[in-house]
Amino acid sequence: SQKIEQNSEALNIQEGKTATLTCNYTNYSPAYLQWYRQDPGRGPVFLLLIRENEKEKRKERLKVTFDTTLKQSLFHITASQPADSATYLCALPPFSGGYNKLIFGAGTRLAVHP
Amino acid sequence: EAGVAQSPRYKIIEKRQSVAFWCNPISGHATLYWYQQILGQGPKLLIQFQNNGVVDDSQLPKDRFSAERLKGVDSTLKIQPAKLEDSAVYLCASSLDAERAIDTQYFGPGTRLTVL
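Residues numbered from 1 in each chain as written. Chains lettered and ligands numbered in written order. Predicted model: local features only at pLDDT ≥ 70, side-chain atom pairs only at ≥ 80, totals over all residues. Heavy atoms only, no water.

Draft legend 1. Structural context of the overall build of chain B. The helix and strand inventory of chain B stands at 0 helices and 11 strands. The C-alpha radius of gyration computed for chain B amounts to 13 Å, which stays within 12% of the reference 13 Å derived for 116 residues, consistent with globular compactness. By principal-axis analysis of the C-alpha atoms, chain B measures approximately 40 × 25 × 25 Å. Evaluated residue by residue, chain B yields a buried proportion of 46% over its 116 residues. Across chain B, every contact between residues at least 6 apart in sequence was considered, and the portion connecting residues at least 24 apart equals 54%. Total accessible area on chain B is roughly 5700 Å²; 49% of this is exposed by carbon and sulfur atoms. One way to put it: in chain B the 13 positive side-chain charges average out to a point 8 Å from where the 12 negative ones average out. (Helix = DSSP H or I, 4+ residues; strand = E, 2+ residues; numbered from the N terminus. Rg over C-alpha atoms; globule rule 2.2 N^0.38 Å. Buried < 20%, exposed > 50% of the residue type's maximum accessible area, 1.4 Å probe, protein only. Contact = heavy atoms within 4.5 Å. Areas by Shrake-Rupley, 256 points an atom, 1.4 Å probe, with all protein chains shown as cover. Lys, Arg positive; Asp, Glu negative; His and termini not counted. Charge placed at Lys NZ, Arg CZ, Asp CG, Glu CD.)

Draft legend 2. The arrangement of the state of the cysteines in detail. Inspection of the entire model under this criterion finds 2 disulfides over all chains. Residue pairing for cysteine 23 of chain A: its cysteine sulfur links by disulfide to cysteine 90 of chain A, the two sulfurs lying 2.0 Å apart. Of note, the bridge from cysteine 23 of chain A to cysteine 90 of chain A carries an S-S torsion of about 60° and is right-handed in sense. Within this pair, whereas cysteine 23 of chain A is found in strand β3 (residues 19-26), its partner cysteine 90 of chain A is found in strand β9 (residues 86-92), the two being separated by 67 residues in sequence. The exposure class of cysteine 23 of chain A is buried, given its relative accessible area of 0%. Disulfide partner of cysteine 23 of chain B: cysteine 92 of chain B, at an S-S distance of 1.9 Å. Where cysteine 23 of chain B bonds to cysteine 92 of chain B through sulfur, the torsion about that S-S bond is close to -70°, and the disulfide is left-handed. (Disulfide = S-S within 2.5 Å.)

Draft legend 3. Expanded view of the sheet that holds β3 of chain A. All names here are of chain A. Read across the sheet, 5 strands follow the order β1-β3-β8-β7-β6 without closing on themselves; strand pairing throughout is antiparallel. Unpaired on one side and paired on the other, β1 (3-6) and β6 (56-59) mark the two borders of the sheet. Along the sheet, successive strands turn relative to each other by an average axial angle of 15°, direction set aside. In terms of strand pairing, β1 meets β3 through 4 bridges, oriented antiparallel. Paired with glutamate 5 across the bridge in β3 is asparagine 24. (Pairing = 2+ DSSP bridges. Axes fitted to C-alpha atoms, helices over the stretch in contact; angles between N-to-C directions.)

Draft legend 4. Structural view of the layout of surface pockets. In this structure, the largest pocket occupies an estimated 640 Å³ of space. Surrounding the largest pocket, 34 residues form its lining, Gln38 of chain A together with Gln37, Leu39, Gly40 and Arg112 of chain B being those nearest its centre. Of the residues forming the lining of the largest pocket, the biggest block, 4 residues, is contributed by strand β11 (residues 111-115) of chain B. A class-by-class count of the residues in the lining of the largest pocket yields 14 nonpolar, 14 polar and 6 charged. (1 Å grid on protein atoms, 1.4 Å probe; cavity = no way out; pocket = protein on both sides within 12 Å on 5 of 7 lines; lining within 4 Å. Points joined across faces, edges and corners; volume = space filled by probe spheres on them. Nonpolar A, V, L, I, M, F, W, Y, C, P; charged D, E, K, R; others polar.)

Draft legend 5. Region of the structure containing the packing of aromatic side chains. Taken as a whole, this structure holds 12 aromatic pairs over all chains when the rule is applied. Between the aromatic rings of phenylalanine 104 of chain A and tyrosine 35 of chain B, the centroid separation amounts to 5.7 Å while the plane-to-plane angle is 85°, which identifies the pairing as edge-to-face. With phenylalanine 104 of chain A in strand β10 (residues 103-104) and tyrosine 35 of chain B in strand β4 (residues 31-37), the pair connects residues from two separate chains. Tyrosine 35 of chain B shares its class with phenylalanine 104 of chain A; the two are buried. Under the relative-accessibility criterion, phenylalanine 104 of chain A is labelled buried at 9%. Through a chain of ring-to-ring contacts, the aromatic side chains of Tyr36, Phe46 and Phe104 of chain A together with Tyr33, Tyr35 and Phe107 of chain B assemble into a single cluster. (Phe/Tyr/Trp six-rings, centres within 6.5 Å; stacked < 30°, edge-to-face > 60°.)

Quick look at the structure:
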């Protein structure tokens, strides 16, 4: 069955460093992958989408890579700030298809310390 | 542009009671989703509407959960009777039109349900 794996342990980094979060998936090849940010008590907020034919996507301090051979996406935040502290979720369309349907990973909590 | 609105924000009930959640999507969004997010997990899709029709309800426990989207705008999700394992955050999301190839989903703040 389809699986999405994100680091369950929190990632703690120092302000100004680059945070790198990992999303691994198994058992199929999605056409695209999305990253969301979720703050405590709030719903997820869309950040970036990367398609299978794109190796890399950037938006301000964010960068996403998509390695379809390794079945992995990496999410980078450069020059991290305490305000970047949140849980980051990766999501991809299910093997079974469906209109705009997404399967979410459990997320990785990022804590950026001053 | 107003975001997705949900109410109530919090609800505490006893098992076997019933509960209802309300969602008002972003104006003009044809597609509406209800997700369940259990603590420490990612959101899990329960039901997806396109206008007022159900597109996918394969993961909705239909013996106790029901949802409707009358007139293709607001939606309600009901649980009757509730079980302890229904304790979770219920998130509503909307997107412009899921029949487009890929469409961004916009989430509401969620309703935190505690079943005692």
